[in-house]
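Residue-level structural notes
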Amino acid sequence: MFIDGRQVPDGTVIDTDIAIIGAGAAGITLTQSLADKSMTVTLIESGGFDFDPDTQMLYEGESVGVPYPLDASRLRYFGGSTNHWGGWCRPMQPIDFEQRDWVPHSGWPITYEDLRPYYERANPVVQIGPFQYNNAEWWSDNGKYAPLPLPGGEVTTRWFEYSPPTRFGWLYRKAIDNSKNVTAYLNSNVMEIVPTADASHVEKLRVGTLSGKRFEVRSKLVILATGGIENARMLLLSNSVEKKGLGNSHDVVGRYFMEHPHVDRPAEILLPDPSVVTPYYKTYTKLGGASIRAVFMFTDEYLRAQRRLGTVMTFYEAQEIRTDDTYEKADPVSQRQLEPDILQLMRSASGNKSDGPLVGKRYGTGCATEQAPNPMSRITLSDKKDALGLNQSRMDWRLTNADRDNLRKNLEALARAFGQWGEGTVRILFKDKDQWDEAEGWGNHHMGTTRMSGDPRKGVVDANCKVHGIDNLYVAGSSVFTTSATVNPTLTIVALALRLSDHVQQRLTGGA
Amino acid sequence: MATSQHDNHDQGHGQPHGQGHDTHDDTPALSRRNILILGGVALAAAVLPLAFPRFEPDSRALALALAGLFVDMDAAARLGREWRLKSTGPSEPHVIAASIGKRLVPQGLTNGSSSDELRAALIARIRQDYAANDMVGISGWQLARTSAELCALAASIADDSQEEPA
């Protein structure tokens, strides 16, 4: 059942077993998995079923670090940011959960194996195919396709699966509406999570609407699922008892904000023989019961030996290169006029002279790269207030020279791989400089601000996503990521939400 | 295939093109014309004692043989000029060829290597360069150092040719 919060009488107190704040990928997954169970669930969503500018404006805030669009990078209505999600799905790798001694602040309190069954359950939630992300044979179409045989053991091919993409707000709306134990309040903003006097237990949620209505929700368990920025903001705003905010006795809330820096065309690749490239690299390909795309990633062996963080690289056809192309004026920046020369040089080595002026093809690349956890990269509260009178977010996204150098080194590894193969030459276009001062892009992936750690001094939530020191408050979503890995976060958000769902059911019912 | 330098040395006679180590003064200039003439000719020998400067004439033969591998020498020369803008190194073809030759000896290049064997040694060396991260950047393209030296060789031959009197 859905209720418009603007129709709820002032002063109403709603009692429930589980309150879920936020109806995005995490909140809706949780709600769906708890539907028709023997407990009452209250879902509280700031927006309605459609985009509303006034509600969206509640996302406005300050950006004082690497420029970041706090408003445009997320959506505040039913379905959350899945309403503009691109649909890229891939689980993290086992190494991503490990404590890597070359990555400060790394190491989740759970392993890939802990999450693996939930990843498998997450696949159908986002409407994708088989759990075969690293299986070349599965995607070979009976031996027809094979990944590029890049030697050297540093670069490997792995696969993404594409969700349609699932618009959670549309796909699961009817089921939520029909669930006997779920009540969803729309246009309802949690303004504060109010704890008991000793701040060890959430007593109630203070809820308000833009129309001025105020009511309360009292719940046995509370799950905060408002997104990677807003989760931290909500805890910081909940400061009527704990002045530094809930769960923030060690000043960790809001810190370690991570994104996936996205760099368009960090490298290009020239291949004399484009026929060697399996189509699944170049675009979305329907194969093996899924829509997939192959990407280049870096092997665990390489990451360990070279002490690197990961990068995902896409690869796409850009242009045929011909010796009879005319270059009216040699461009000293693009140096496109040298492309036929590079291809001819490769052909010289192999003795493979072209039959005509067509000598090869240029491929473009794109990449998303892992940012090292950085406590100085953080969300705090701004002095500016939103329409509800709540402090806006203040984002100070920090990227370091080390993050930049890491990507550069990974691109060099890509060049080594193609060079050893002998069928391609990589051109590195990523600028060799010491600042991220250009608009190099991001993925709208907000991670790490309520990070998971077994140690309350190093994390906000424990391995069960429960806030340290508060017995009935949980956090769902990418804000709990300890490290960001390189892959899009939605599948992991859904997997963690399914795991949390199992945990809270067990806690409330003892598994009954 | 011979594998030791001693074996190589013993095969240092009877080379084609009159470029044995006792014919230093008669070595033809590495002109563009020579390259064009010789480009399609299989390399029969001439690259024996690459590690020893006194066999410099052999490096001239090697330069010819390497130049014969280019499917487009002008293209390689353009890359070589780009590289030379940002690097220091020898400009004489036979010196560059000697440097390349030293790199190819461990790959099995011998005095009697054929053109195909030279190419195989070259490919192996280029792959080894990449594996060893011995790359150079030419306008961002990551070339094996051996490939870059080949380009420098092409550039030096082409430029020498332009300086020849008519």
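Residues numbered from 1 in each chain as written. Chains lettered and ligands numbered in written order. Predicted model: local features only at pLDDT ≥ 70, side-chain atom pairs only at ≥ 80, totals over all residues.

From N to C terminus, chain B includes seven helices and two strands. Reading the helices (α) and strands (β) of chain B from amino to carboxyl end gives α-α-α-α-α-α-β-β-α. Each of the 166 residues in chain B was classed as buried or not, and the buried ones make up 49%. Partitioning the intrachain contacts of chain B with sequence separation of at least 6 by distance along the chain shows that 73% fall at a separation of at least 24. (Helix = DSSP H or I, 4+ residues; strand = E, 2+ residues; numbered from the N terminus. Buried ≥ 20, exposed ≤ 12 C-beta atoms within 10 Å, placed from the backbone. Contact = placed C-beta atoms within 7 Å.)

What follows is about the overall build of chain A. Scanning chain A for helices and strands turns up eleven helices and 19 strands. Relative to a compact globule of 512 residues, whose C-alpha radius of gyration would be 24 Å, chain A shows 24 Å and is just as compact. For chain A, the spread of C-alpha atoms along the three principal axes comes to 80 × 45 × 40 Å. The contacts in chain A between residues at least 6 apart in sequence include a share of 75% that link residues at least 24 apart. (Rg over C-alpha atoms; globule rule 2.2 N^0.38 Å.)

Here we take up the confidence of the model for chain B. Residue and element names in this part refer to chain B. Per-residue confidence for chain B averages 72 on the pLDDT scale, and 63% of its residues sit at or above 70. Within chain B, the lowest mean pLDDT, 30, falls on helix H1 (residues 5-10), and the highest, 98, falls on strand E2 (residues 141-144). Low pLDDT, under 50, characterises residues 1-29; the predicted model gives this stretch 52 contacts beyond four residues in sequence or across chains. Segment residues 33-57 is flagged for pLDDT under 50; beyond a separation of four residues in sequence, or across chains, it makes 74 contacts in the model. (pLDDT = per-residue confidence, 0-100.)

Quick look at the interface of chain B and chain A now. Between chain B and chain A, the residue contacts involve 26 residues of the former and 24 residues of the latter. Among the elements of the structure, helix H4 (73-86), helix H6 (115-131), E2 and helix H7 (145-163) of chain B are those that each provide at least two residues to the side of chain B that touches chain A. Tallying contributions element by element places H6(B) first for the side of chain B that touches chain A, with seven residues. Here the side of chain B that touches chain A is built from residues that sort into 16 nonpolar, five polar and five charged. (Nonpolar A, V, L, I, M, F, W, Y, C, P; charged D, E, K, R; others polar.)

Grouped together as the largest cluster of nonpolar side chains are 185 residues, with contacts concentrated most on A:Ile223, A:Leu414, A:Tyr474, A:Ala476, B:Leu153 and B:Ala154. Those residues in contact with B:Leu153 that lie beyond four places of it in its chain are B:Ala63, B:Leu66, B:Ala67, B:Gly80, B:Pro93, B:Ile96, B:Ala97 and B:Ile100. (Core = buried A, V, L, I, M, F, W, Y, C linked by C-beta atoms within 7 Å.)

The next thing to look at is the pairing of strand E6 (residues 155-162) of chain A. Residues and elements named next belong to chain A. Of all eight residues that make up E6, six are buried, and the element is covered over most of its length. One ladder, built from two bridges, connects strand E5 (residues 88-89) with E6; its direction is antiparallel. Residue pairing in the sheet places tryptophan 88 in a bridge with tyrosine 162 of E6. Strand direction decides the pairing type here: E6 and strand E13 (residues 290-298), joined by seven bridges, are antiparallel. Bridge pairing in E13 places threonine 156 opposite methionine 297. (Pairing = 2+ DSSP bridges.)

Attention now moves to the sheet that holds strand E17 (residues 391-396) of chain A. Residue and element names in this part refer to chain A. Across the sheet, which stays open at both edges, the three strands sit in the order E4-E17-E16 with mixed pairing between neighbours. The open sheet has two edge strands, strand E4 (61-63) and strand E16 (378-385), and neither has a second partner. Each adjacent strand pair in this sheet contributes to an overall mean axis angle of 30°, direction not counted. Looking at chain direction, E4 and E17 are connected through three bridges and run parallel. Across the sheet, residue glutamate 62 finds its bridge partner in E17, namely arginine 394. Strand contacts of helix H7 (residues 230-237): E16 and E17, with the helix running at about 60° to E16, the strand carrying the most contacts. (Axes fitted to C-alpha atoms, helices over the stretch in contact; angles between N-to-C directions.)

Another aspect to go through is helix H4 (residues 112-125) of chain A. Residue and element names in this part refer to chain A. Helix length check: H4, at 14 residues, gives a terminal C-alpha distance of 19 Å against a target of 20 Å (1.5 Å per residue), a fit within 8%. The axis of H4 is deflected most strongly, by about 30°, at tyrosine 118. All of the buried residues in H4 are Leu115, Tyr118, Tyr119, Ala122, Asn123 and Val125. Where H4 ends, the next residue or the one after it, glutamine 127, has phi of about 60°, a positive value. (Expected span 1.5 Å × (residues − 1). Bend = angle between axes of the 7 residues up to and from the residue.)

Before going further, it helps to spend a moment on the pairing of strand E18 (residues 425-428) of chain A. Residue and element names in this part refer to chain A. Both faces of E18 are covered, namely the face carrying Thr425 and Arg427 and the face carrying Val426 and Ile428. Strand direction decides the pairing type here: strand E11 (residues 262-271) and E18, joined by four bridges, are antiparallel. When the sheet's bridge partners are listed, isoleucine 269 is paired in E18 with valine 426.

All names here are of chain A. Turning to its location among the elements, leucine 388 is positioned in the loop between E16 and E17. A sequence separation of 110 residues divides leucine 388 from threonine 278, and the C-alpha atoms of the two residues are 53 Å apart. The residues touching leucine 388, leaving out its near neighbours within four places in the chain, are Leu58, Asn189, Met191 and Gly208.

Attention now moves to the packing of helix H1 (residues 25-34) of chain A against helix H11 (residues 490-509) of chain A. All names here are of chain A. Taken N-terminus to C-terminus, the directions of H1 and H11 make an angle of 40°; their axes are 9 Å apart at the nearest point. Classified by the interaxial angle, the pair formed by H1 and H11 is oblique. The chirality of how H1 crosses H11 is right-handed. Within the contact between the two elements, H1 uses Ala25, Ala26, Thr29, Leu30, Ser33 and Leu34 and H11 uses Thr490, Ile493, Val494, Ala497, Leu498, Leu500, Ser501 and Gln505. (Parallel < 35°, antiparallel > 145°, perpendicular 65-115°, else oblique. Left-handed = near helix turned anticlockwise from the far one by under 90°.)

With ten of ten residues buried, H1(A) is to be regarded as a mostly interior element. Of the positions making up H1(A), those classed as buried are A:Ala25, A:Ala26, A:Gly27, A:Ile28, A:Thr29, A:Leu30, A:Thr31, A:Gln32, A:Ser33 and A:Leu34.

With that out of the way, let us pick up the environment of B:Pro93. All names here are of chain B. Tracing the backbone through its elements, the reader meets proline 93 in helix H5 (residues 93-104). A count of 29 C-beta atoms within 10 Å places proline 93 in the buried class. Separated by 30 residues in the primary sequence, proline 93 and isoleucine 123 place their C-alpha atoms 20 Å from one another.

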